[in-house]
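Understanding the architecture of this molecule
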Amino acid sequence: MKLHEKFMSRCIELAKKGLGSTYPNPLVGSVIVHNNSIIGEGWHYMTGGPHAEVNALANVADPALLPEAILYVNLEPCSHFGKTPPCADLIISKGLKTVVIGSSDPNPKVSGQGINKLREAGCNVISGVLAEECDTLNKRFFTFHKLQRPYIILKWAQSADRYLAPATRPKEKKPVWITNTISRQLVHKMRAEEEAILVGTTTVIDDDPKLTVRDWEGNSPLRIVLDRSLRIPKDAAVLNTEAPTLVITENLKESKGNIDFVHIDFDLPMAGQICKLLFKRGIQSLIVEGGSQTLQTFIDEDLWDEALVFQGQVKFHEGVSSPKFNAELVSEKKIKEDLLYLYKNNYS
């Protein structure tokens, strides 16, 4: 079993390389082992491209070894035709007799059918190896299919005395920086890893954020703005052409270019409506970046999974208070003089 765990850990390590580029597909890595040595490995690079098992098999120098080899993969091989043929069929055709799997696929299109197909073809399938780690790896994919909503990350920066913003702001529309440049670069890395990012009207009016990836390599997320009465300026940075934007409002306008307008009822609980809307659009992950009222809305409706709180050294003494929530502190680390707290929802 320890050998199985060793090679499954390598699958997880490989799968992480695809974070941010595989949506709506999950993160998958695969290794092929012969006589306890890896003879091929690969991961799913990007949506529409070959799956991890395909890439791993393609990297085997001597295919004659495959009938005596073991294929490891952190997620159940697909059994249906999508943009690529079923991986389960390919594994069977290559003569592999043993397949070791981490997680079962929650997607109804697979959901055990890949494992069944392999077993019916005579493969020895060992499942559940490092299952918890494999499930965590694909927390976005699993949340989307099991809870029918995106995986939701709350993110904010707060002063040492726990304010999001000072009581008095400068006249020009720009952010009041609380954290250092390294922390801000880490935020851009986060944006490159998630599918969408959401802010409220006040954040756009006060800070004029772009919400794009600039200090890291990767794709910019879908920008989402809550704007009940369409108050944000027409020249707001979130309405530029650098990334698509979804404006959630009560006053619908015709969608144009990369700007899309959708309706919800702002007199009803909003977070749940937003989750349903994003699920229908196939969005698997969401960063809620502010402001205070928007963050508190998701907290009050208990629709969030983790919170990343960056704390700087500056003190405001008064201003906009940080959100209030009950959560488990998972980790705390220093980013030079800043602190980064990671909280998990205890789903009370």
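The paragraphs below set out a description of the structure included in this document.

What counts, and at which threshold
- Residues numbered from 1 in each chain as written.
- Predicted model: local features only at pLDDT ≥ 70, side-chain atom pairs only at ≥ 80, totals over all residues.
- Heavy atoms only, no water.
- Pairing = 2+ DSSP bridges.
- Helix = DSSP H or I, 4+ residues; strand = E, 2+ residues; numbered from the N terminus.
- Axes fitted to C-alpha atoms, helices over the stretch in contact; angles between N-to-C directions.
- Contact = heavy atoms within 4.5 Å.
- Polar contact = N/O pair within 3.5 Å; in protein donor to acceptor, adjacent residues only side chain to side chain.
- Phe/Tyr/Trp six-rings, centres within 6.5 Å; stacked < 30°, edge-to-face > 60°.
- Buried < 20%, exposed > 50% of the residue type's maximum accessible area, 1.4 Å probe, protein only.

Here we look at the sheet that holds strand β10 (residues 245-249)
Taken in spatial order, the nine strands make up an open sheet running β11-β10-β9-β8-β12-β6-β13-β16-β15, and their pairing is mixed. Every interior strand has two partners, whereas the edge strands, β11 (259-263) and β15 (328-335), have only one. Each adjacent strand pair in this sheet contributes to an overall mean axis angle of 20 degrees, direction not counted. Where β10 lies against β11, five bridges are found, and the strand directions are parallel. Directly across from Ile248, in β11, lies its bridge partner Val262. Sheet strands touched by helix α9 (residues 270-280): β6 (151-158), β8 (196-200), β9 (222-226), β10, β11 and β12 (285-290). Its angle to β10, the strand with the most contacts, is close to 140 degrees.

A closer look at the side chain of His44
By secondary structure assignment, the location of His44 is in the loop between β2 (37-43) and α2 (52-58). Looking at His44, its side chain comes within polar contact range of the side chain of Asn25, at 3.1 Å. Only 3.4 Å separates the side chain of His44 from the backbone oxygen of Met46, close enough to count as a polar contact. Residues within four places of His44 in sequence aside, it is in contact with Gly18, Thr22, Asn25, Pro26, Val28, Gly49, Pro50, His51 and Ala52.

Some thoughts on the packing of aromatic side chains
Following the criterion strictly, the structure yields eight aromatic pairs and no others. With 5.3 Å between their ring centres and 50 degrees between their planes, Phe7 and Tyr72 make a pair best called tilted. Linking Phe7 in helix α1 (residues 2-15) with Tyr72 in strand β3 (residues 70-75), this pair joins segments that are 65 residues apart in sequence. With relative accessibility at 3%, the residue Phe7 sits in the buried group. Here Tyr72 falls in the buried class, since its relative accessible area comes to 2%. Seen in terms of ring centroids, Trp43 and Tyr45 are 4.8 Å apart; in terms of plane orientation they differ by 90 degrees. Their pairing is edge-to-face. Exposure remark for Trp43: the relative accessible area of 23% places this residue in the partly exposed category. According to the relative accessible area criterion, Tyr45 is partly exposed, its value standing at 39%.

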